[in-house]
Amino acid sequence: MFYPFEEFHEVDEILDDLDHTFRIGINGFGSLGRAIFCSSLDWPHVYVAAINDPFVDAKQAADILRGDDYRDSMGRFEIEAVSSKELIVRDVDTSRTITFYSEQDPADIGWKSPKLGVLHVIECSRKFVTFEEASRHLHTGRTFDQELEFKKEHGISIWDEGGAMKVLIASTSSGVPTFNPGVNERDCRFQDYVLGCDTPKHLETEGDQDWDLGKYSRQVLKLLNVVLARDGSLGSYIHSIESGRGLYYPGEKGPFLVHMERILASNIEGSDPRDSSDDDMIEIANGPSLFDTGPCGCCQGSRSWRRE
């Protein structure tokens, strides 16, 4: 069992030690959504499992991704649209299946369904950019008693349906905590379940030729990695504490995922409140003991990220 709070770690080291691939959703498959998707293929702990766009299906996405604009980043991949709802991206080592949705309202997607298993969504449509709008992606909070009643009525646990647990807005946002990777990305807190990635200050429109979508997409993924490291560490740590108590785990999900979902759900209004021990662990995860923020001595801290 991995204990992330016992010593300093870099973000990538935490994710390597967790040895978990996080299933991610993207809302909006315009130029920004495509850039983030293409960049994500080089990030080993990120798996884009689902994409929602009312105007782009899997067959259209395959044609776009084969185009000149994405030839460099997608050159080593074989792209196949199995249907209008399913895209497969393969290289010599991996095969990824991406499910496409065409919902106008994010609340209708069901990110966290058993088929998708998505807990974290990157909002790229530029439409849902306030706290209230982006929250339409989110799971609806319920107490434990409500969960039991829901399972009795529907035959499934609420943890097997509903929206995501966190939303990262990849564009100019309003009324949400916003972070600039390379500057203050480690200031984001576990409690920030709707957050934004700062955009270049000169950005006026999507057509701004000075806006490097490839570079910005990597910035978004750097911030996402910090979020995943915090969330995954808490799930792992809580699992290590609870593993000897014989808890019931719903469905086929492993205990790590169950604990991560439950601690993430505690952020959302309507869920059971956290107890003091959970709050203590969250404060540790938010603090400097999780990430090594100081210089290493040989490069004066420039090794904070391994990918450029």
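Residues numbered from 1 in each chain as written. Predicted model: local features only at pLDDT ≥ 70, side-chain atom pairs only at ≥ 80, totals over all residues. Heavy atoms only, no water.

Enquirer: Any chance you could break down the side chain of Ser39 for me, citing the residues and the numbers?
Expert: Within the secondary structure, Ser39 sits in helix α2 (residues 31-40). In this structure Ser39 comes out as buried when scored by relative accessible area, which is 11%. Beyond its immediate chain neighbours, meaning those up to four positions away, Ser39 contacts Gly214, Ser217, Arg218 and Leu221. (Helix = DSSP H or I, 4+ residues; strand = E, 2+ residues; numbered from the N terminus. Buried < 20%, exposed > 50% of the residue type's maximum accessible area, 1.4 Å probe, protein only. Contact = heavy atoms within 4.5 Å.)

Enquirer: Pulling in residues and values, what's your account of the pairing of strand β7 (residues 166-169)?
Expert: The side-chain alternation of β7 yields two buried faces, one formed by Lys166 and Leu168 and the other by Val167 and Ile169. Where strand β6 (residues 120-123) meets β7, 4 bridges bridge the pair, whose relative direction is parallel. Paired with Glu123 across the bridge in β7 is Ile169. As judged from the 3 bridges shared by β7 and strand β9 (residues 194-197), these two strands associate in the parallel manner. Paired with Leu168 across the two strands is Leu195, which belongs to β9. (Pairing = 2+ DSSP bridges.)

Enquirer: Tell me what's going on with the sheet that holds β7, and back it up with residues and numbers.
Expert: Strand order in the open sheet formed by 9 strands is β3-β4-β5-β2-β1-β6-β7-β9-β8, with mixed pairing between adjacent strands. The sheet is open, and its two edges are formed by β3 (78-83) and β8 (178-179), each paired on a single side. As paired elements, strand β4 (residues 86-90) and strand β5 (residues 95-101) share 5 bridges and run antiparallel to each other. Within β5, the residue paired with Val89 across the bridge is Arg96.

Enquirer: Any chance you could break down the pattern of salt bridges for me, citing the residues and the numbers?
Expert: Inspection of the entire model under this criterion finds 11 salt bridges. Ionic pairing is found between Lys166 and Asp231, a salt bridge with its closest N-O pair at 2.9 Å. Linking Lys166 in strand β7 with Asp231 in helix α7 (residues 213-242), this pair joins segments that are 65 residues apart in sequence. Taking the relative accessible area as the measure of exposure, Asp231 reaches 0% and is therefore buried. We note a salt bridge from Glu283 to Arg189, for which the minimum N-O separation is 3.0 Å. Placement of the pair is Glu283 in helix α9 (residues 276-286) and Arg189 in the loop between β8 and β9, with a sequence separation of 94 residues. (Salt bridge = Lys/Arg side-chain N within 4 Å of Asp/Glu carboxyl O.)

Enquirer: Describe the nonpolar core, listing the residues and the values that go with them.
Expert: Generally speaking, soluble globular proteins have nonpolar side chains that are buried together. In terms of nonpolar packing, the biggest core is built from 62 residues, with Ile36, Phe37, Met74, Leu87 and Ile122 touching the most fellow members. The greatest single-element share of this core, amounting to 12 residues, is contributed by α7. With near-sequence residues (within four places) excluded, Met74 lies in contact with Phe37, Cys38, Leu41, Leu65, Ile79 and Val89. By size, the runner-up hydrophobic cluster in this structure holds 10 residues, among which are Tyr47, Ala49, Ala50 and Val118. (Core = buried A, V, L, I, M, F, W, Y, C linked by side-chain atoms within 4.5 Å.)

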